[in-house]
Amino acid sequence: MAKKEAATLTVRQTGSPIRRKSDQRATLMGLGLNRVGRERTLEDTPSVRGMIAKVSHLTEIVEK
């Protein structure tokens, strides 16, 4: 049986982690972001959505 293609999100970092709490920095690193302007394509799961929500003021979801 063919595997169903997983939904994905493209996330861009828009804010700097300087002077942010360590858990917010760790969340950005967990998303694979570490510089302003970097983009990552991630699987659309509840855990990834929660991480994005936690640092929503530092990221944006890119529409393609």
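My aim in this report is to walk through the structure given alongside it, one point at a time. As the structure is a prediction and not an experimental result, all values here were calculated from the model.

Considering the overall build of the chain
Stage number 1. Secondary structure summary: the chain contains two helices and three strands in total.
Stage number 2. Expressed along its principal axes, the backbone C-alpha trace of the chain runs to roughly 50 × 20 × 15 Å.
Stage number 3. Taken over 64 residues, the chain has a buried fraction of 27%.
Stage number 4. Considering only residue pairs separated by 6 or more positions, the chain has 69% of its internal contacts joining residues 24 or more positions apart.
Stage number 5. For the chain, the exposed area adds up to about 4800 Å²; of that, 50% sits on carbon and sulfur atoms.
Stage number 6. Mean positive and mean negative side-chain charge positions of the chain (13 and 7 charges, respectively) differ by 9 Å.

Observations concerning the sheet that holds strand 3 (residues 59–62)
Stage number 1. Ordered in space as 2-1-3, the three strands form an open sheet in which the pairing is antiparallel. In this open sheet, the two edge strands, each paired with only one partner strand, are strand 2 (39–43) and strand 3. The sheet shows a mean angle of 35 degrees between the axes of neighbouring strands, taken without regard to direction.
Stage number 2. Pairing of strand 1 (residues 8–13) with strand 3 involves four bridges; the strand directions are antiparallel. What sits directly across from arginine 12, in strand 3, is glutamate 60.

A word on the pattern of salt bridges
Stage number 1. Within this structure, the stated rule accounts for four salt bridges.
Stage number 2. Across the pair arginine 12 and glutamate 60 runs a salt bridge, and its minimum N-O distance is 2.5 Å. In this pair, arginine 12 sits in strand 1 while glutamate 60 sits in strand 3, placing the two residues 48 residues apart along the sequence.
Stage number 3. Since its relative accessible area comes to 26%, arginine 12 is described here as partly exposed.
Stage number 4. By relative accessible area, glutamate 60 is classed as partly exposed at 32%.

Cut-offs and rules
- Numbers given to residues run from 1 along each chain, matching the order in which its sequence is written.
- In keeping with the model being predicted, local features are shown solely for residues with a pLDDT of at least 70 and side-chain atom pairs are shown and tallied solely at 80 or more, while totals for entire chains, interfaces and linings include all residues.
- Side-chain descriptors were evaluated using all non-hydrogen atoms of the structure, hydrogens and water having been removed beforehand.
- Put simply, DSSP marks the helices as runs of H or I at least four residues long and the strands as runs of E at least two long, and each gets a number from the N terminus on.
- Exposure is judged per residue with a 1.4 Å probe applied to protein chains only, and the accessible area is read against the type maximum: over 50% gives exposed, under 20% gives buried, and values in between give partly exposed.
- In this analysis, two residues are considered to be in contact whenever any of their non-hydrogen atoms come within 4.5 Å of each other.
- Here the accessible surface of atoms and residues is derived via Shrake-Rupley with a 1.4 Å probe, and residues count as covered only by protein chains that are part of the display.
- Charged-residue counts in this description rest on Lys and Arg as positive and Asp and Glu as negative, His and the chain ends being excluded.
- Think of each charge as sitting on NZ of Lys, CZ of Arg, CG of Asp or CD of Glu.
- Strand pairing is assigned whenever DSSP detects at least two bridges linking the two strands.
- Where helices are involved, their axes are fitted lines through C-alpha atoms of the stretch in contact, as for all axes, and angles between N-to-C directions lie from 0 to 180°.
- Should a side-chain nitrogen of Lys or Arg be within 4 Å of a carboxyl oxygen of Asp or Glu, the pair is scored as a salt bridge.

Remember, this is a structural readout, not a statement about activity or role.
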